[in-house]
Amino acid sequence: GWFYPTENYLFSLIVPKEQEAELAGFFVYCSQIIGWLPPLMFSIIVENGYNQKWGVLAVTGFHFIAIFIISFQEGPWSSSSDESIEQQEQEQPSVEFTAGVKQLEENKSVDDDMI
């Protein structure tokens, strides 16, 4: 299926740097914990003898709630993803990290010469 990988990919595009854990937890909460609520509502309505169209209408209500929440997003999708990309590009590795990588590369070349 394409849905879940695409969902995770799109989520990762707009997550600000240094907030990955916080927002990933919220994402899991919303998608896994609350994901059972619409099917439960449908089942309760149908099992109580009401027509299935009322169950579908109840599930559609969750879509309207989601659309309402999304309508408060600031700016278009492109601005959200652009901000995330700019923030990632501004992050430069520290001098110590760069020096450590160079030292590891030098040690690797010395080890390769010994073999």
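Bear in mind the structure is a predicted one, so any value in this text is a computation, not a measurement. (Residues numbered from 1 in each chain as written. Predicted model: local features only at pLDDT ≥ 70, side-chain atom pairs only at ≥ 80, totals over all residues. Heavy atoms only, no water.)

## Some words on the overall build of the protein
Here comes step 1: Along the backbone of the protein there are 6 helices and 0 strands.
Here comes step 2: Tracing the protein from N to C terminus, the helices and strands come up as α-α-α-α-α-α.
Here comes step 3: Restricting to contacts in the protein with at least 6 residues of sequence separation, those with at least 24 account for 43%. (Helix = DSSP H or I, 4+ residues; strand = E, 2+ residues; numbered from the N terminus. Contact = heavy atoms within 4.5 Å.)

## Structural notes on the packing of helix α1 (residues 3-14) against helix α2 (residues 20-33)
Here comes step 1: Running from amino to carboxyl end, α1 crosses α2 at an angle of 145 degrees, the nearest separation of the two axes being 11 Å. Along this stretch, α1 crosses α2, giving a crossing that reads as right-handed. Side by side, α1 and α2 meet where Glu7, Asn8 and Phe11 of the first sit next to Leu23, Ala24 and Phe27 of the second.
Here comes step 2: Considering only residue class, the contact of α1 with α2 consists of 4 nonpolar, 1 polar and 1 charged. (Axes fitted to C-alpha atoms, helices over the stretch in contact; angles between N-to-C directions. Left-handed = near helix turned anticlockwise from the far one by under 90°. Nonpolar A, V, L, I, M, F, W, Y, C, P; charged D, E, K, R; others polar.)

## Describing the packing of helix α3 (residues 37-47) against helix α4 (residues 52-70)
Here comes step 1: At a minimum axis distance of 8 Å, the contact between α3 and α4 shows a crossing angle of 160 degrees. Judged by the angle between their axes, α3 and α4 are roughly antiparallel. The chirality of how α3 crosses α4 is right-handed. Where α3 abuts α4, its residues Leu37, Pro38, Met41, Phe42, Ile45 and Val46 lie against Gln52, Trp54, Gly55, Val56, Ala58, Val59 and Phe62. (Parallel < 35°, antiparallel > 145°, perpendicular 65-115°, else oblique.)

## Let's talk about the packing of aromatic side chains
Here comes step 1: One pass over the structure, following the stated rule, counts 3 aromatic pairs.
Here comes step 2: Taking the centre distance of 6.1 Å and the plane angle of 75 degrees together, the rings of Trp2 and Phe3 count as edge-to-face.
Here comes step 3: According to the relative accessible area criterion, Phe3 is partly exposed, its value standing at 46%.
Here comes step 4: Through a chain of ring-to-ring contacts, the aromatic side chains of Trp2, Phe3 and Tyr4 assemble into a single cluster. (Phe/Tyr/Trp six-rings, centres within 6.5 Å; stacked < 30°, edge-to-face > 60°. Buried < 20%, exposed > 50% of the residue type's maximum accessible area, 1.4 Å probe, protein only.)

## Focus on a nonpolar patch on the surface
Here comes step 1: A surface patch of nonpolar side chains, amounting to about 690 Å² of accessible area, comprises Phe26, Tyr29, Ile33, Ile34, Trp36, Leu40 and Ile44.
Here comes step 2: Mapped onto the nonpolar patch, the elements with two or more residues apiece are α2 and α3.
Here comes step 3: Per element, the largest residue contribution to the nonpolar patch is 3 residues, and it comes from α2.
Here comes step 4: Residue classification places Ile33 among the partly exposed positions, given a relative accessible area of 43%. (Patch = residues over 30% accessible without salt bridge, like charges linked within 9 Å, V, L, I, M, F, W, Y side chains within 5 Å. Areas by Shrake-Rupley, 256 points an atom, 1.4 Å probe, with all protein chains shown as cover. Salt bridge = Lys/Arg side-chain N within 4 Å of Asp/Glu carboxyl O.)

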